[in-house]
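Chain by chain, the residues:
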Amino acid sequence: MVEATEKETMDNLTFKSDTVLSDVHLYRPNKRHLMVRLNAAGQPVFLSHFKLLCSTYNWVSEKNAKEDTTEKEQQYKHRGELCDEDRSNPKNERELNIKGLEALLDDDGDLEVVRRPQNASDLEEEDLLRDRVCPVILVREEDDAFEDEEQEHICSDVIKIEHTMATPLEDVGKQVWRGAFLLADYILSKWDMFRCCTVLELGGGTGITSIIMGTVAKRVYCTDVGEDLLAMCERNVALNKHLIDQGSNEIKVKELDWMQADFCTDLEAPYSWSEAEIADLHDHCTVVMAADVFYDDDLTDALFRMLYRITHNLKNSCTVYLSIEKRLNFTLRHMDVTCEAYSHFRNTLNDLENLQDGKMKYTVEPIKLDFCQFLIYERTEQL
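Residues numbered from 1 in each chain as written. Predicted model: local features only at pLDDT ≥ 70, side-chain atom pairs only at ≥ 80, totals over all residues. Heavy atoms only, no water.

## Quick look at the overall build of the protein chain
Then comes step 1: The number of helices and strands found in the protein chain is 11 helices and 12 strands.
Then comes step 2: Across the 383 residues of the protein chain, 40% fall into the buried class.
Then comes step 3: Long-range contacts, defined here as pairs at least 24 residues apart, represent 70% of the contacts in the protein chain between residues at least 6 apart.
Then comes step 4: For the protein chain, the computed accessible surface area is about 23000 Å², with 49% contributed by carbon and sulfur atoms. (Helix = DSSP H or I, 4+ residues; strand = E, 2+ residues; numbered from the N terminus. Buried < 20%, exposed > 50% of the residue type's maximum accessible area, 1.4 Å probe, protein only. Contact = heavy atoms within 4.5 Å. Areas by Shrake-Rupley, 256 points an atom, 1.4 Å probe, with all protein chains shown as cover.)

This is the structure we're talking about:
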């Protein structure tokens with residue numbers, strides 16, 4: 001029986017109705033999230049490690065990268081972490097399942113069960129095949145939260161990102177979203193295609209996609225709006241500078257407000273553009289990308305207006321990569337489950353493709369999601 005006071009407590013909402021929560025962190029890819037500080041808005045900021053499943057980037061030589069990729073892919077196949085091409089082959093998957101099953105059987109064909117020893121204290125700790133459970137430790141921002149980690153492991157296959165976990169709608173850029181992971185997967189699977197490019201990201205948020213792109217592209221302009229968010233993004237770029245080929249590759253964090261008609265060139269603004277940077281973007285940019293930024297109709301309209309203005313001034317032809325998650329909602333207006341934000345996005349995209357102004361021509365092409373997954377998240381059908 002539940003007392004009335006306890007029941008009232010249980011019925012209270014954990015988050016306010018205007019709070020948006022990303023589910024990426026629920027998968028706990030690094031098994032812990034460390035709160036490192038409070039941001040300017042008083043929100044707790046967490047530091048997470050997102051493990052990469054393969055290394056094929058420019059901080060290793062191309063030959064070593066290919067060898068390392070082949071070796072790791074074989075390891076993942078034996079562990080059951082297959083790429084989409086292998087999953088589509090029933091024969092390969094069946095053979096792997098049979099081998100995995102045989103490894104668990106004894107000579108008589110009975111299933112072997114490994115039991116936990118009765119007295120664990122008699123064994124060395126390193127012999128226990130169990131993950132060590134560590135408490136989450138709160139530290140100050142200036143402390144090195146992970147100085148005891150193995151640095152070689154962190155440098156090779158871990159992306160470190162500061163982010164928040166629940167924010168109002170206007171601060172969702174401070175969270176990590178699956179659309180950013182999906183676009184990052186595509187970059188990693190087609191990394192040679194982005195080599196030495198100049199890239200612009202619209203709505204970069206925490207910067208995880210720009211950081212991945214920065215491992216192969218010559219220069220990445222990671223843009224968003226809001227000094228607090230841009231400071232977080234700049235911090236994340238600094239946390240992962242060991243992954244970027246210093247001197248050859250560069251990530252610049254800049255302010256770009258879609259509601260404004262032009263770039264911010266105010267010298268007193270901390271993330272403003274110089275005339276040289278604007279000229280560099282117009283002269284050399286060949287790739288524009290945006291991940292999971294289509295959730296509000298007004299912002300979607302503003303983004304496409306900004307996209308048109310920028311591409312209209314580019315010296316070279318450009319490819320734009322847009323990643324989106326279709327979010328289903330039940331609406332009283334339709335009395336049905338709809339995806340209004342996605343529908344508005346598609347309609348606006350069609351308008352852009354049908355645009356005829358005598359100079360610009362846009363062609364829209366969907367990308368099949370048959371490329372390998374390099375980051376740990378749930379690649380849902382809505383992506």
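## Remarks on helix α10 (residues 297-313)
Side chains of residues three or four places apart in an α-helix project in the same direction, reflecting 3.6 residues per turn.
Then comes step 1: With 17 residues, α10 should reach 24 Å at 1.5 Å per residue; the first-to-last C-alpha distance of 25 Å fits that figure.
Then comes step 2: Along α10, the residues that are buried comprise Thr300, Ala302, Leu303, Phe304, Met306, Leu307, Ile310 and Thr311.
Then comes step 3: Where the residues of α10 are buried, they touch β6 (198-201), β9 (285-291), β10 (319-323) and α11 (340-353). (Expected span 1.5 Å × (residues − 1).)

## Here's the deal with the nonpolar core
Then comes step 1: Ranked by internal contacts, the top residues of the largest apolar core, which has 42 residues, are Ile187, Phe194, Val199 and Met213.
Then comes step 2: At the level of secondary structure, the elements contributing two or more residues to this core comprise β4 (158-163), α6 (178-189), α7 (208-214), β7 (219-224), α8 (227-239), β8 (250-255) and β9.
Then comes step 3: With eight residues, the single largest contributor to this core is α6.
Then comes step 4: Ranked by size, the runner-up nonpolar core spans 27 residues in total, among them Met306, Leu307, Ile310 and Phe345. (Core = buried A, V, L, I, M, F, W, Y, C linked by side-chain atoms within 4.5 Å.)

## Concerning the pairing of β4
Then comes step 1: Within β4, six of the six residues are buried, which leaves it mostly tucked inside the rest of the structure.
Then comes step 2: Across the two faces of β4 the burial is the same, with Val158, Lys160 and Glu162 and Ile159, Ile161 and His163 all buried.
Then comes step 3: As paired strands, strand β3 (residues 44-51) and β4 are joined by six bridges and run antiparallel to one another. Bridge pairing in β4 links leucine 47 to glutamate 162. (Pairing = 2+ DSSP bridges.)

## Focus: helix α9 (residues 275-284)
Then comes step 1: Restricting attention to buried positions, one finds in α9 the residues Glu277, Ile278, Asp280, Leu281 and His282.
Then comes step 2: Next to the buried residues of α9 lie β6, β7, β8, β9 and α10.

## Things to note about the packing of aromatic side chains
Describing an aromatic ring pair means giving the distance of the ring centres and the angle of the ring planes.
Then comes step 1: The final tally for this structure, using the stated rule, is 12 aromatic pairs.
Then comes step 2: Centroid distance tyrosine 186 to phenylalanine 371: 5.3 Å. Interplanar angle 70 degrees. Geometry classified as edge-to-face. You can see tyrosine 186 sitting in helix α6 and its partner phenylalanine 371 sitting in the segment after α11, a full 185 residues away along the chain.
Then comes step 3: Exposure remark for tyrosine 186: the relative accessible area of 10% places this residue in the buried category.
Then comes step 4: Relative accessible area serves as the criterion here: at 7%, phenylalanine 371 is assigned to the buried category.
Then comes step 5: Ring geometry for tyrosine 342 versus phenylalanine 345: centroids 6.1 Å apart, planes at 40 degrees, classification tilted. Of this pair, tyrosine 342 and phenylalanine 345 both sit in helix α11, three residues apart, roughly one helical turn.
Then comes step 6: Residue class for tyrosine 342 comes out partly exposed when judged on its relative accessible area of 22%.
Then comes step 7: By the ring-pair criterion, three or more aromatic residues cluster together here, those being Tyr186, Phe194, Tyr321 and Phe371. (Phe/Tyr/Trp six-rings, centres within 6.5 Å; stacked < 30°, edge-to-face > 60°.)

## What about the environment of aspartate 185?
Then comes step 1: Note that aspartate 185 resides in helix α6.
Then comes step 2: By relative accessible area, aspartate 185 is classed as buried at 0%.
Then comes step 3: Contact partners of aspartate 185, with chain neighbours within four places excluded, come to Phe371, Cys372, Gln373, Phe374, Leu375, Tyr377 and Arg379.

## Re the pattern of salt bridges
Then comes step 1: As enumerated under the stated definition, the model contains 16 salt bridges in all.
Then comes step 2: Two residues, arginine 379 and aspartate 185, come together in a salt bridge whose shortest N-O distance is 2.9 Å. Of this pair, arginine 379 sits in the segment after α11 while aspartate 185 is found in helix α6, placing the two residues 194 residues apart along the sequence.
Then comes step 3: Put simply, lysine 254 and glutamate 277 hold a salt bridge, and the shortest N to O gap is 3.0 Å. Here lysine 254, found in strand β8, pairs with glutamate 277, found in helix α9; they are 23 residues apart in sequence, far enough to count as distant. Of the two residues examined, lysine 254 and glutamate 277, each falls in the buried class.
Then comes step 4: Residues participating in the shared-partner salt-bridge network are Arg219, Glu250, Lys252, Lys254, Glu277 and Asp280. (Salt bridge = Lys/Arg side-chain N within 4 Å of Asp/Glu carboxyl O.)

Everything listed is a geometric property; what it means functionally is a separate question.
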